[in-house]
Amino acid sequence: MEREMLSKDEQETWEKRKKEIRTRHPRLFPKPLGFACPPAWAEVLEDTFRQMEEAAERMDLPTDAWPQITDVKEKYGGLRIYYQGCSLSDEAVFDQIIEAAEERIERTCVQCGAPGRVGPGGMWSYCGEHMPETEDKRVL
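1. Regarding the overall build of the chain
In step 1: Of regular secondary structure, the chain possesses three helices and seven strands.
In step 2: Considered along the principal axes of its C-alpha atoms, the chain spans approximately 50 × 30 × 20 Å.
In step 3: Out of the 140 residues belonging to the chain, those deemed buried represent 39%.
In step 4: Look at the contacts in the chain between residues 6 or more apart in sequence, and 49% of them connect residues 24 or more apart.
In step 5: Of the accessible surface of the chain, which amounts to about 8,300 Å², a share of 47% is contributed by carbon and sulfur atoms.
In step 6: Side chains of the chain give 20 positive and 28 negative charges; the mean places of these two sets differ by 3 Å.

Structural data, given as structure tokens:
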């Protein structure tokens, strides 16, 4: 399978954006962490982390009881967000937010972030403009 890479400028832009996302959500990211997912998913990540923060604030959790994001990645064409640090009784709220994000990614173009549908290979989602005839390239 051929691997389609980001240009140097695109990679630098994505690295900057990831840092900005982590900086906006310091209570979720107490330690530096990279994201191994397409840049087109940035809006979904932002929304997810905002919702997680809002939920923690509504539950009046002390900062040390907030979920701490430990990994953000693409796996088999889907989004995976892993966390630790909150109580079992609070996990259901955060799991629901993450599951909604995972479902949203299934309908998000991996190339541009527009609404999309699963492509011919059954792994990645694409909008009409980016839908390939066959799915023989990875976008990461």
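2. Details of the packing of helix 2 (residues 42-58) against helix 3 (residues 88-105)
In step 1: In the contact formed by helix 2 and helix 3, the axes pass within 10 Å of each other and the chain directions differ by 165°. Viewed along their axes, helix 2 and helix 3 adopt a mutual orientation that is roughly antiparallel. Handedness of the helix 2/helix 3 crossing: right-handed. Residue-level contacts link Glu43, Val44, Asp47, Thr48, Gln51, Met52, Ala55 and Ala56 of helix 2 to Val93, Phe94, Ile97, Ile98, Ala101, Arg104 and Ile105 of helix 3.
In step 2: Considered class by class, the residues forming the contact of helix 2 with helix 3 number ten nonpolar, two polar and three charged.

3. As for the pattern of salt bridges
In step 1: Across all of its chains, the model carries eight salt bridges by this definition.
In step 2: As a salt-bridge pair, glutamate 15 and lysine 18 come within 2.8 Å of each other at their nearest N and O atoms. Within this pair, glutamate 15 and its partner lysine 18 are both found in helix 1 (residues 8-24), separated by three residues, close to a single helical turn.
In step 3: A salt bridge links aspartate 47 to arginine 50; the shortest N-O distance between them is 3.9 Å. On the criterion of helical spacing, the pair formed by aspartate 47 and arginine 50 is a turn pair, its members being three residues apart in helix 2.

Conventions we followed
- Residues numbered from 1 in each chain as written.
- Predicted model: local features only at pLDDT ≥ 70, side-chain atom pairs only at ≥ 80, totals over all residues.
- Heavy atoms only, no water.
- Helix = DSSP H or I, 4+ residues; strand = E, 2+ residues; numbered from the N terminus.
- Buried < 20%, exposed > 50% of the residue type's maximum accessible area, 1.4 Å probe, protein only.
- Contact = heavy atoms within 4.5 Å.
- Areas by Shrake-Rupley, 256 points an atom, 1.4 Å probe, with all protein chains shown as cover.
- Lys, Arg positive; Asp, Glu negative; His and termini not counted.
- Charge placed at Lys NZ, Arg CZ, Asp CG, Glu CD.
- Axes fitted to C-alpha atoms, helices over the stretch in contact; angles between N-to-C directions.
- Parallel < 35°, antiparallel > 145°, perpendicular 65-115°, else oblique.
- Left-handed = near helix turned anticlockwise from the far one by under 90°.
- Nonpolar A, V, L, I, M, F, W, Y, C, P; charged D, E, K, R; others polar.
- Salt bridge = Lys/Arg side-chain N within 4 Å of Asp/Glu carboxyl O.

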